[in-house]
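Tertiary structure, described
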Amino acid sequence: MKTYLNKILCLFLCLIVLCACKEKEQKATETQQDRQTQIENYAQSLMAEPMILDKQKADTLINLYNRYIADFPDDTMNAYYLYRMSNIYANLQNCNKTIDCLNRIIQKYPNSNYVGAARFFKGVFYKDVCDNVEKSKEAFEEYIAKHPNSPRVEDAKKLMQIDTMQNPTDILK
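The notes below deal with the structure included here.

Criteria and thresholds
Residues numbered from 1 in each chain as written. Predicted model: local features only at pLDDT ≥ 70, side-chain atom pairs only at ≥ 80, totals over all residues. Heavy atoms only, no water. Salt bridge = Lys/Arg side-chain N within 4 Å of Asp/Glu carboxyl O. Helix = DSSP H or I, 4+ residues; strand = E, 2+ residues; numbered from the N terminus. Buried < 20%, exposed > 50% of the residue type's maximum accessible area, 1.4 Å probe, protein only.

**Some words on the pattern of salt bridges**
A full pass over the atoms with the stated rule returns 7 salt bridges. Linking Lys55 and Asp59 is a salt bridge whose minimum nitrogen-to-oxygen distance equals 3.1 Å. With Lys55 and Asp59 both in helix 2 (residues 55–71), this residue pair falls 4 residues apart, about one helical turn. A salt bridge links Lys137 to Glu141, with the shortest nitrogen-to-oxygen separation between them at 3.5 Å. Residue Lys137 and its partner Glu141 are located together in helix 6 (residues 133–146), separated by 4 residues, close to a single helical turn. Lys137 gets classed as partly exposed once you look at its relative accessible area, which sits at 42%. What makes Glu141 partly exposed here is its relative accessible area of 38%.

In short, shape yes, function no, at least from these values alone.
Okay, here's the thing in structure tokens:
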């Protein structure tokens, strides 16, 4: 009788533990989805006036992205959030943080759909945000080598060509 009671008690405790774990996992998923919704809503409010970038709102959105990435390091949304952060930093003319976001995509999320765009925009941002033509050329060359069949390869080649011209309007001829 005592063994039977111990088995029932043990089964009951296991059931409680399993239910508690499942509930905790469900709450984490809901939190993750809630956070994604919060980020998207805030991003849309920031983009409501596309010609004016409010630095304070941009900083808040960057903090939301960074906290999400820290809390959910393996989530597939992280490459997308890093890509968007790179664009915000580029608009704020912050060279180092722009490039850092793109490098993080390439290094931490190598299978992401954003890797090609990250490599391409490294070339663009090195030139336009960082004013570094040499690094821009290196980034475009890496992009062309790693993504030879991409539709942006011709754009990368033309952008490198513009950087070496005396008069960039000659490319139109």
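Back to the text.
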